[in-house]
Amino acid sequence: MSIEVIKSTSRGPGALLEGPHWDPVTQTLLYVDIYSGKVHRYTPATDSVENVDVGEFVGAVVPTSSGKTIIAGRHHYAFLDWKTGSLIKIAEVDADKPDNRFNDGKCDPMGRFWAGTLGESGESPDKAVPVKPKQGSLFCLHSDHTVTKHVENVDISNGLAWTSDHKTMYYIDSIAGGVDAFDYNNTTGALSSRRRVIKVPFEEESLPDGMAIDEEGMLWVASYGKSRINRYNPATGKKLQMLTFPATNVTSCCFGGPNYDILYVTTSSFQLTFDQPLAGSIFAVKDLGVKGLPANVYQD
Ligand code: ZN
């Protein structure tokens, strides 16, 4: 196994890189920098990164089936014009909660775009968890642009993953200290029977953040604050493997590359009170011995 840092990605103080998504059509890695309001696209073939300023906080980005790009911006789902950064807003969430913003998001096997929110506290970012508790929700954008709300009283809505049989959805609310599973109705998107499948104690792992699922159904969960990604078996809750990175705040990961055998990892320099040169970089983990599966896109 080897861990490489992708040096050409833009970094800087306060970079909160998140939401990596491998696009097989363009063979690129999409990801966001939440507080700078930028969507990035990394091309491994040329080791180059382009970015576009969308003019507001951005929590997640995914391609669509028709070749467009859609984001979960501050309060809206919106189509993004890569050339100008302009947004065509298609649905609003949390209109009654002005301090909320979208955080992590991902598409389900039917091509609906799930993304959750959190309540910004407006407090100093050096506070461990600068959010207003229980203000967030988990939303789902359907192909007809309607939005349904599925989970309420969320602290920090984060990682999402679906099993390859489409019967289970995994979900992380970071403050809740674990990974939960729901029975998943792939036809309607309905969730039921929420239960805790992996305990992630704060003292050991800090905050569970984004996650990816591999071809064996195991979950790779970022520990924000502990420099690592852990691989867990959701059937037993056991930790199977740990990868460590030279960046304290590891935010998320996804499988990519032509064969889905590279784990791309996003990190953050946001909230760091000390200099850490590689914080806010993207890392590529190769020769892991396990592959991922293609990520879902928004069906438009
Ligand atoms: Zn996250």
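Preceding this paragraph is the structure being described.
## Here we look at the packing of aromatic side chains
For step 1, the next point in the chain: One pass over the structure, following the stated rule, counts 12 aromatic pairs.
For step 2, the next point in the chain: Taking 5.0 Å as the distance between ring centres and 80 degrees as the angle between the ring planes, the aromatic pair formed by Tyr 35 and Phe 57 counts as edge-to-face. Highlighted residues: Tyr 35 in the loop between strand S3 (28-33) and strand S4 (38-43) and Phe 57 in the loop between strand S5 (48-53) and strand S6 (60-63), separated in sequence by 22 residues.
For step 3, the next point in the chain: By relative accessible area, which is 25% here, Tyr 35 ends up partly exposed.
For step 4, the next point in the chain: Among the aromatic side chains, those forming a connected cluster through ring pairs are Tyr 77, Phe 102, Phe 113 and Phe 139.
For step 5, the next point in the chain: The aromatic ring of Phe 79 is capped on one face by Lys 68, whose charged end is 4.8 Å from the ring centroid.

## Some details on the nonpolar core
For step 1, the next point in the chain: Counting 17 residues, the largest nonpolar core has Trp 220, Ile 229, Phe 245, Leu 263, Val 265 and Leu 288 as its most contacted members.
For step 2, the next point in the chain: For this core, the element with the most residues is strand S23 (residues 249-256), which contributes three residues.
For step 3, the next point in the chain: Setting aside residues no more than four positions away along its own chain, Leu 288 makes contact with Met 1, Trp 220, Gln 241, Leu 243, Phe 255 and Leu 263.

## What to know about the layout of surface pockets
For step 1, the next point in the chain: Of the pockets and cavities examined, the largest pocket occupies roughly 420 Å³.
For step 2, the next point in the chain: Every element with two or more residues in the lining of the largest pocket is listed here: strand S2 (17-23), S6, strand S10 (100-107), strand S15 (157-162), strand S19 (207-213) and S23.
For step 3, the next point in the chain: No other element matches S2, which puts four residues into the lining of the largest pocket.
For step 4, the next point in the chain: Each residue belonging to the lining of the largest pocket can be placed in one class, and the counts come to 19 nonpolar, eight polar and one charged.

## What to know about the coordination of the zinc ion
For step 1, the next point in the chain: Listed as protein donors to the zinc ion are Glu 18 (OE), Asn 158 (OD1) and Asp 209 (OD); their distances from the metal cover 1.9 to 2.0 Å.
For step 2, the next point in the chain: Written as a sequence motif, the donor residues of the zinc ion are E-x139-N-x50-D. Taken together, the residues Asn 158 in strand S15 and Asp 209 in strand S19 connect sequence positions 51 residues apart. The same class applies to Asn 158 and to Asp 209, which are both buried.

The rules behind these values
- Residues numbered from 1 in each chain as written.
- Predicted model: local features only at pLDDT ≥ 70, side-chain atom pairs only at ≥ 80, totals over all residues.
- Heavy atoms only, no water.
- Phe/Tyr/Trp six-rings, centres within 6.5 Å; stacked < 30°, edge-to-face > 60°.
- Helix = DSSP H or I, 4+ residues; strand = E, 2+ residues; numbered from the N terminus.
- Buried < 20%, exposed > 50% of the residue type's maximum accessible area, 1.4 Å probe, protein only.
- Lys NZ or Arg CZ within 6 Å of the ring centre and 35° of its normal.
- Core = buried A, V, L, I, M, F, W, Y, C linked by side-chain atoms within 4.5 Å.
- Contact = heavy atoms within 4.5 Å.
- 1 Å grid on protein atoms, 1.4 Å probe; cavity = no way out; pocket = protein on both sides within 12 Å on 5 of 7 lines; lining within 4 Å.
- Points joined across faces, edges and corners; volume = space filled by probe spheres on them.
- Nonpolar A, V, L, I, M, F, W, Y, C, P; charged D, E, K, R; others polar.
- Donors = N, O, S within 2.8 Å, 3.2 Å for Na, K, Ca; no water.

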